Amino acid sequence: MNTELTKIEMQGNVVSMAIDSLTTQVLENADDGVELSTADIELVESVLKASKSAQGFQRATLYWMRQKRGYLILGYESFEAFGLAEFGLEKSSLYDLANAHRVESILRNSSMLEKELPLRQTNQLNKLSDAEIPTAYQLANDKANDDGKKLSAKHVEQAVKELQAQLDEKQKRINWLEIDQKAITEQNDQLRNDLAFKVNEKVEERIAGERAKLILENHDAIAQAKREAENAKGEIERLKKDQAKAIKDGVARELNTLQTKIDQKQYQLERHEKDIAELKQIKAGLDAEVGALQIHQEAIKNAKEYLTFLSGSFSDAFDTKTMPPEIVNDWQAIKDALLMLQIELHGFINQNAAIDGAVLVN
């Protein structure tokens with residue numbers, strides 16, 4: 001009889017261990033991201049039954065039900081309703097137990113825990129992230145060893161506060177570094193903008209200087225061509241006189257020679273006159289370009305000065321920190337005009353379209 005009873009007990013233990021093993025495997029998948037459906041009703045009911053019939057599964061079951069939303073499969077509207085109906089747990093106790101399993105799972109995965117922790121300890125550790133929990137738990141144990149006492153909720157609370165203070169200090173440091181980095185970036189951007197503006201000014205000055213040099217060279221070329229043309233005219237006149245004299249003297253050979261020289265000089269004269277005409281066209285183009293450049297530079301200079309004055313005017317008004325109702329329409333009109341000017345300026349820069357000066361008149 002005793003032998004049969006022992007066999008039954010042993011078989012019962014084996015079955016119980018098998019159920020516990022299967023239940024543990026299921027509960028370990030609470031955060032696998034796989035959603036339950038109504039087809040999993042038997043699985044959910046089995047987990048709930050195992051939790052109630054075996055020791056040590058309550059915390060894991062509550063966590064699994066919350067994470068997998070198994071309570072919905074069982075027909076409960078909320079996790080709180082499920083906990084109260086199935087386990088008689090109020091909301092605070094229900095969440096404390098579920099959160100306790102989260103903390104204990106992290107510590108077991110870090111090989112730092114073999115048994116359940118008191119809820120007062122897990123409640124403190126639950127304030128931390130997954131990565132921070134093992135560090136805080138080790139710190140709490142170190143404090144307990146230093147005191148020569150058993151680990152208590154007070155040790156855990158002190159460790160959590162100390163770790164949070166360290167993390168807060170690090171976060172403040174990170175925030176300051178980010179602010180410093182942002183300030184440095186803005187400063188560098190400003191320096192680059194200033195440098196680019198100065199470089200553009202230097203480039204414009206260089207271009208203006210080169211164009212002015214071309215104009216001077218063009219003037220010199222025109223003057224030289226004119227001098228050569230005048231010399232050619234003078235030489236033609238002289239040759240014609242010699243030709244007339246040769247005709248008068250009846251010297252045929254010299255007459256032919258003079259005619260050839262006259263033809264050559266006439267060709268040179270025509271070439272010089274053609275060069276002068278081409279140089280004058282180049283001069284007109286250069287004058288137009290340099291003139292346009294000077295006009296634009298003067299306009300940009302004035303625009304910058306006007307913008308500085310306009311900014312100051314806005315600042316004076318903004319410093320009053322108020323907007324009298326009777327001038328709201330006036331400010332709105334200025335805003336509309338500036339928007340229209342922006343549109344006009346966009347067309348001018350991108351399409352070389354003329355700006356309608358009337359946009360700022362109203």
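The coordinates are above.
Residues numbered from 1 in each chain as written. Predicted model: local features only at pLDDT ≥ 70, side-chain atom pairs only at ≥ 80, totals over all residues. Heavy atoms only, no water.

Chemist: Would you mind going over the environment of Ile41 in detail, with residue names and values included?
Modeler: By secondary structure assignment, the location of Ile41 is in helix H2 (residues 41-53). Take Ile41: its relative accessible area is 27%, and that puts it in the partly exposed class. Considering only alpha carbons, one finds Ile41 and Ile73, 32 residues apart in sequence, at a separation of 6.1 Å. If we ignore the near neighbours within four places in the chain, the residues touching Ile41 are Ile73 and Leu74. (Helix = DSSP H or I, 4+ residues; strand = E, 2+ residues; numbered from the N terminus. Buried < 20%, exposed > 50% of the residue type's maximum accessible area, 1.4 Å probe, protein only. Contact = heavy atoms within 4.5 Å.)

Chemist: Describe the pattern of salt bridges, with residues and values.
Modeler: For side chains bearing opposite charge, pairing can occur when the charged atoms are close. Scanning the model with the defined rule gives 7 salt bridges in all. Measuring nitrogen to oxygen at the nearest pair gives 2.8 Å for the salt bridge that ties Lys68 to Asp32. Taken together, the residues span a long stretch of sequence, with Lys68 in helix H3 (residues 58-68) and Asp32 in the loop between helix H1 (2-27) and H2 at a distance of 36 residues. Judged by relative accessible area, which is 39%, Asp32 ranks as partly exposed. Each of the salt bridges in this network shares a partner with another, and the network as a whole consists of Arg59, Glu104 and Glu116. (Salt bridge = Lys/Arg side-chain N within 4 Å of Asp/Glu carboxyl O.)

Chemist: I'd like a rundown of the layout of surface pockets, residues and numbers included.
Modeler: For the second largest pocket, the calculated volume is near 410 Å³. Looking at the second largest pocket, it is lined by 18 residues, and the ones nearest its centre are Glu28, Ala60, His101, Ser105 and Arg108. Going through the elements one at a time, H1, H3 and helix H6 (91-109) are the ones with two or more residues in the lining of the second largest pocket. Counting residues per element, the lining of the second largest pocket draws most heavily on H6, at 7 residues. (1 Å grid on protein atoms, 1.4 Å probe; cavity = no way out; pocket = protein on both sides within 12 Å on 5 of 7 lines; lining within 4 Å. Points joined across faces, edges and corners; volume = space filled by probe spheres on them.)

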